[in-house]
Amino acid sequence: MDGQRGNWSSNMGLILAATGSAIGLGNLWKFPFITWENGGGAFVLVYLICIAAVGLPIMMAELLIGRKTQKSAVGALKDAAGPMWGIVGAWGVLCGFILLSYYTVIAGWSLFYFSKSFGWMVSGFPSGMAMGDLFGEQSSNGALQLGLSFGFSIATVSVVYLGVQKGIERIARTFLPVLGVILVLLLFSALRMSGSGEALVFIFQPNFNELEPVAILEALGHSFFTLSLGMGCMVTYGSYISKTQSVVKASATIVLLDTLIALIATVIMFSVIFSVPGMEEQVGGSTVGMLFISLPELFFTEVPLGRFLGPLFYVLVALAALTSTISLLEVVTSYVIDEHGLARQKATLMCGGTVFIFTILAAISFGAVSGVSNLVVPGAIGETLFGGKIGWFSMADHFVSNWMLPTGGFAVTIAAGWFMTREDTMNELVDGTQPSWFRYGAWRFFIRFVAPTAIAAIIIAVMIFGVDFS
Ligand code: PHE
């Protein structure tokens, strides 16, 4: 079967596809918001340390497990660390399944706001439009939500259907540069706004008085989400690398680009927000608030050339989300292809269709159907596993971010650091060159000791102290 598996055409193909997976709603929707919530600079600094000390070593571990075994999540972990480790791979596949089912709904919102802002670009922004109301109306409109998320699912399925090179890599090659150009345009425009100085200070000047201990753990939890780690995605993408492509270079580039884009997105959003008096008080409410309630209006009322940049911004969100949803579907699909021998086309349709059944639940959990929107697991179990969250969407997001990704990431550190031999991992990382401490020893130290300790701290914090990372 190996001969039939896809392959990236080059190291660049892997880097673009994996960066596309990493850059997504995590960068544009979650990161700016949690930075805001946690008081800026000090949080950003802690996040950067987490990315370097935990995210990067795990990125290397996942890619090397994939490259070594040339198998998707379940088979790869079995081959690399032992038969029981298939369970960890299966945990990842399940996580990909659940994450995709609700991620698609938020991605669908970007389509809605693109079409709205495109309309306003043509006909002018309606004065007195209450953006909070608009958001509430669209998110609780069941038919609209189903339509938007169905559209997004079709796009995702179509790309995965076409395969590794013709689908996933081609889309990443086309969209990532477009995304980069849009982001740079937005950045230039934002930096010329009056609030940009204050925004830069807020983001880059650490004030440790603002930082609560819990925020350190939140930064760690987010580093998994944003780098697509802890659920087999990078293992799967790593399995399409040929042995001539470097895991180290690819990992460093992906992590750097993802971080850069999260920071740029934050500078853009905060420059806009700080330019408007009184806006700071309004933004704080929720993650969706910043991206889908505050920003749409600000583009039209405050940002220079905003009526053109507004629609472009939502194209950016949609493209970033699409390169992430395809990676999520690929994890599930490639498992079915590799472990159950189905042809890609059949596997894609089957997996995409099954995930969509759960997407329906997420799509109607913003008020459209009250039983689903108000779903709650009572008592201590609900509190621990779902953070007492109400509604299918919030419960799924909580469970994935707080439980599935950290435990999956922890297992990967143990598999790569303690169950795979030194020789196995070294072969994948040094590629025949002389292994120095810097080229290999440092990674081994981080994957064996630093990363698992840090993740164990998150898990214990969630379990014992009930900390919420979603
Ligand atoms: N990294 C993506 C983001 O930041 C989310 C994601 C997680 C995608 C896990 C794939 C796998 O939005």
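Let us look at the structure shown here. (Residues numbered from 1 in each chain as written. Predicted model: local features only at pLDDT ≥ 70, side-chain atom pairs only at ≥ 80, totals over all residues. Heavy atoms only, no water.)

### Topic: the overall build of the chain
We count it as follows: Labels follow the DSSP assignment, with helices taken as runs of H or I lasting at least four residues and strands as runs of E lasting at least two, numbered in each case from the N terminus. Each radius of gyration is computed over the set of C-alpha atoms, and the globule rule expresses the reference value as 2.2 Å times the number of residues to the power 0.38. The criterion used for residue contact is that any of the two residues' heavy atoms lie within 4.5 Å. Reported accessibility uses the Shrake-Rupley method at a 1.4 Å probe radius. Residues are deemed covered only where the shown protein chains occlude them. In this tally Asp and Glu are treated as negative and Lys and Arg as positive; neither His nor the chain ends contributes. A single reference atom marks each charge: NZ on Lys, CZ on Arg, CG on Asp, CD on Glu.
Of regular secondary structure, the chain possesses 21 helices and zero strands. Taking 470 residues into account, the globule formula puts the C-alpha radius of gyration at 23 Å, and the chain, at 21 Å, falls close to it. Principal axes of the C-alpha set define a box for the chain whose edges measure 65 × 50 × 50 Å. Taking the contacts inside the chain whose residues are at least 6 apart along the sequence as the reference set, 80% of them involve residues at least 24 apart. Surface summary for the chain: the accessible area is close to 17600 Å², and the carbon and sulfur share equals 67%. In the chain, the 21 positive side-chain charges and the 26 negative ones have mean positions that sit 14 Å from each other.

### Looking at the site of the ligand
Here is the rule: Here a residue counts as near a molecule or strand whenever at least one of its heavy atoms sits within 4 Å of it. By the criterion applied in these results, polar contacts are pairs of N or O atoms within 3.5 Å in which, for protein atoms, one can donate a hydrogen and the other can accept it, and in which residues neighboring in sequence qualify only through two side-chain atoms. Each residue receives one of three labels: charged for Asp, Glu, Lys and Arg, nonpolar for Ala, Val, Leu, Ile, Met, Phe, Trp, Tyr, Cys and Pro, and polar for the others, Gly being one of them.
Around the ligand sit 15 residues in total, of which Ala22, Leu25, Gly26, Tyr103 and Phe225 are the nearest. For the ligand, a nitrogen atom lies 3.3 Å from a polar atom in the backbone of serine 21. Note that a nitrogen atom of the ligand is positioned 3.1 Å from one of the backbone N or O atoms of threonine 226. Burial of the ligand by the protein amounts to 100% of the accessible area it has alone, namely 320 Å². For the shell around the ligand, the elements supplying multiple residues, two or more each, are helix H1 (11-22), helix H2 (25-37), helix H5 (86-123), helix H10 (213-226) and helix H15 (306-340). Here the shell around the ligand is built from residues that sort into seven nonpolar, eight polar and no charged.

### What about the packing of aromatic side chains?
To keep it simple, the criterion reads: The criterion for an aromatic pair is that two Phe, Tyr or Trp rings (for Trp, the six-membered ring) have centres within 6.5 Å, with stacked assigned to planes under 30 degrees apart, edge-to-face to planes over 60 apart and tilted to the rest. Relative accessible area decides the class of each residue, using a 1.4 Å probe on protein chains only: under 20% of the type maximum gives buried, over 50% gives exposed, and in between gives partly exposed.
Summed over the entire model, instances satisfying the criterion amount to 34 aromatic pairs. Ring geometry for phenylalanine 125 and phenylalanine 300: centres 5.5 Å apart, planes at 15 degrees, overall stacked. Residue phenylalanine 125 is located in the loop between H5 and helix H6 (131-139), and its partner phenylalanine 300 is located in helix H14 (residues 287-301); the two are separated by 175 residues in the primary sequence. Phenylalanine 300 sits in the buried class, given a relative accessible area of 17%. With a centroid separation of 5.6 Å and 45 degrees between ring planes, the pair formed by phenylalanine 386 and phenylalanine 399 is classed as tilted. Here the residue phenylalanine 386 occupies a position in helix H18 (residues 379-386), and phenylalanine 399 occupies one in helix H19 (residues 392-419), the gap between them amounting to 13 residues. For the residue pair phenylalanine 386 and phenylalanine 399, the accessibility class agrees, reading buried in each case. One aromatic cluster in this structure is built from Tyr102, Trp109, Phe112, Tyr113, Phe135, Phe292, Phe299, Phe313, Tyr314, Phe366 and Phe393.

### Re the nonpolar core
Selection rule: Think of a nonpolar core as a cluster: buried Ala, Val, Leu, Ile, Met, Phe, Trp, Tyr and Cys residues, connected wherever their side-chain atoms sit within 4.5 Å.
Of all hydrophobic cores here, the largest spans 166 residues; its most connected members are Ile65 and Phe313. By residue number, the principal contributor to this core is H15, which donates 17 residues.

### Some thoughts on H5
What counts here: Given a helix with a known number of residues, its expected span is that number minus one, times 1.5 Å. One axis fitted to the seven residues ending at a residue, another fitted to the seven starting there: the angle between these axes is the bend at that residue.
With 38 residues, H5 should cover 56 Å at 1.5 Å per step; its first-to-last C-alpha distance of 55 Å lies within 8% of that length. Along H5, the largest kink reaches about 25 degrees and is centred on leucine 100. Of the residues trailing H5, glycine 124 is marked for its positive phi of about 95 degrees.

### Things to note about the pattern of salt bridges
Basically, it comes down to this: We define a salt bridge as a contact between a side-chain nitrogen of Lys or Arg and a carboxyl oxygen of Asp or Glu at a distance within 4 Å.
With the rule as written, the count across this model stands at nine salt bridges. The salt bridge partner of glutamate 169 is arginine 173, with a shortest N-O separation of 3.0 Å. Of the two residues, glutamate 169 and arginine 173 are both situated in helix H8 (residues 164-191); the distance of four residues between them amounts to about one turn of the helix. The exposure class assigned to arginine 173 is partly exposed, which follows from its relative accessible area of 36%. Residue glutamate 330 is joined to arginine 344 by a salt bridge in which the shortest nitrogen-to-oxygen separation is 2.9 Å. With glutamate 330 in helix H15 and arginine 344 in helix H16 (residues 344-363), the pair connects residues that are 14 residues apart, well separated along the chain. Side by side, glutamate 330 and arginine 344 carry an identical accessibility label, which is buried. It is possible to trace a salt-bridge network through shared partners that takes in Arg67, Lys243, Glu428 and Asp431.

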